[in-house]
Amino acid sequence: MTTKDEIFEAVVVQRHRLVVTLEELSDAEWDAESLCVGWRVRDVVGHLVSILEVPLGTFLWNTVKARSFDRYADQVARRIGSRPIEQLLGSYRAQADKRLAPPVVGPIAPLVDVLVHTRDIERPLGLPAALGADALRTSLDYVCGGKARGFVPPTRTAGLRFQATDLDWSIGSGPLVRGAGDAILLAVTCRRPALADLSGDGAATLAQRVG
């Protein structure tokens, strides 16, 4: 997966996969805790909708007013996430085909975002990973490759070798961190429960860096 069009297509495919999963959830599951600390499943979906619904200029201006990107992102995710389930799901479904990406970073940002947040929803509910293999490899290359500023500080993965047990994928050199591709993706993006799924002589180092 090397071109912008290919990556955008993977984003769209993953959004529609997630829509199918969300359509099957009970009301209680929508209100269940996600892997994002402090966010319910509906708040994660609210975040994903906000990316598609709030114009970039508006988002940036409100970030300035809130004096923090994370603070405003949290506020808008909770606000949108509080909508009735059918309205929230309908908004995400209706906008799933949009091709939007932040400047400079490009479509890899929404790809990583939707893959990570898909597992933020699936894993606590005991659902298997519904991630495309090529999309996962591309996202792992990015988050483990030392260039994913805004997602993963370079120091978190520096000097470690990562190897997926369920994909033909590896990257880096040094002590080994080994596990399923989705567990690696979650762990390096600071989802601590996924650390327990990793092994190798570099796993403890990664856990220390994640905190």
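Predicted model only: the values in this text are computed from it and were never measured. Here, residues in each chain are numbered from 1, in the same order as that chain's written sequence. pLDDT decides what is reported in this predicted model: residues at 70 or higher carry local features, side-chain atom pairs at 80 or more are listed and counted, and totals for whole chains, interfaces and linings draw on all residues regardless. Note: side-chain values were computed over all heavy atoms of the structure, leaving out hydrogens and water.

Quick look at the sheet that holds strand S1 (residues 161-164)
- Taken in spatial order, the three strands line up as S2-S1-S3 in an open sheet, and their pairing is mixed. What marks the edges here is a single partner per strand, and that holds for strand S2 (170-172) and strand S3 (176-179). Each strand of the sheet is rotated relative to its neighbour by a mean of 10°, with strand direction disregarded.
- With three bridges connecting them, S1 and S2 associate as antiparallel partners. Each bridged residue has a counterpart across the sheet, and for Phe-162 the counterpart in S2 is Ile-171. Between any two strands, at least two bridges found by DSSP are needed for them to pair. Here a helix means four or more residues in a row that DSSP labels H or I, a strand means two or more in a row labelled E, and each is numbered from the N terminus. Only C-alpha atoms enter the line fits that serve as axes; for helices the fit covers just the stretch in contact. Angles between N-to-C directions range over 0 to 180 degrees.

A look at the layout of surface pockets
- Cavities and pockets were defined on a 1 Å grid built over protein atoms only: a cavity is a set of grid points that admits a 1.4 Å probe from which the probe cannot escape, a pocket is an open set flanked by protein on both sides within 12 Å along at least five of seven lines, and lining residues are those with an atom within 4 Å of any such point. Grid points are joined across faces, edges and corners, and a volume is the space filled by probe spheres set on the points. Each pocket or cavity is described by its volume, and for the largest pocket that value is around 1400 Å³.
- Around the largest pocket, the lining comprises 36 residues; the ones closest to its centre are His-47, Phe-69, Asp-113, Gly-150 and Phe-151.
- Contributions of two or more residues to the lining of the largest pocket are made by helix H3 (41-53), helix H4 (56-66), helix H5 (69-81) and helix H7 (108-122).
- For the lining of the largest pocket, the leading source of residues is H7, giving six residues.

Quick word on empty space enclosed by the protein
- Evaluated as defined, the whole model comprises one cavity of 30 Å³ or more.
- The calculated volume of the largest cavity comes to roughly 60 Å³.
- As for the largest cavity, its lining consists of Arg-15, Leu-48, Ile-51, Leu-52, Tyr-92, Pro-110, Asp-113 and Val-114.
- Counting only elements with at least two residues in the lining of the largest cavity, the list comes to H3 and H7.
- Taken together, the residues that form the lining of the largest cavity break down as six nonpolar, no polar and two charged. Three classes are used: nonpolar for Ala, Val, Leu, Ile, Met, Phe, Trp, Tyr, Cys and Pro, charged for Asp, Glu, Lys and Arg, and polar for all others, with Gly counted as polar.

Points about the packing of aromatic side chains
- Centre distance within 6.5 Å is the pairing criterion for rings of Phe, Tyr and Trp, where only the six-membered ring of Trp is used; planes under 30 degrees apart are then read as stacked, over 60 as edge-to-face, and the remainder as tilted. Using the criterion set out here, one finds one aromatic pair in the structure.
- Residues Tyr-142 and Phe-151 carry aromatic rings whose centres are separated by 6.1 Å and whose planes lie at 80° to one another, so their mutual orientation is edge-to-face.
- The rule is simple: take the accessible area with a 1.4 Å probe, protein chains only, and divide by the maximum for that residue type; under 20% is buried, over 50% is exposed, in between is partly exposed. The class for Tyr-142 is buried, based on a relative accessible area of 15%.

Quick notes on unusual backbone geometry
- Notably, Val-104 is not glycine yet its phi reads approximately 75°, a positive angle.
- One can find Val-104 in the loop between helix H6 (85-95) and H7.

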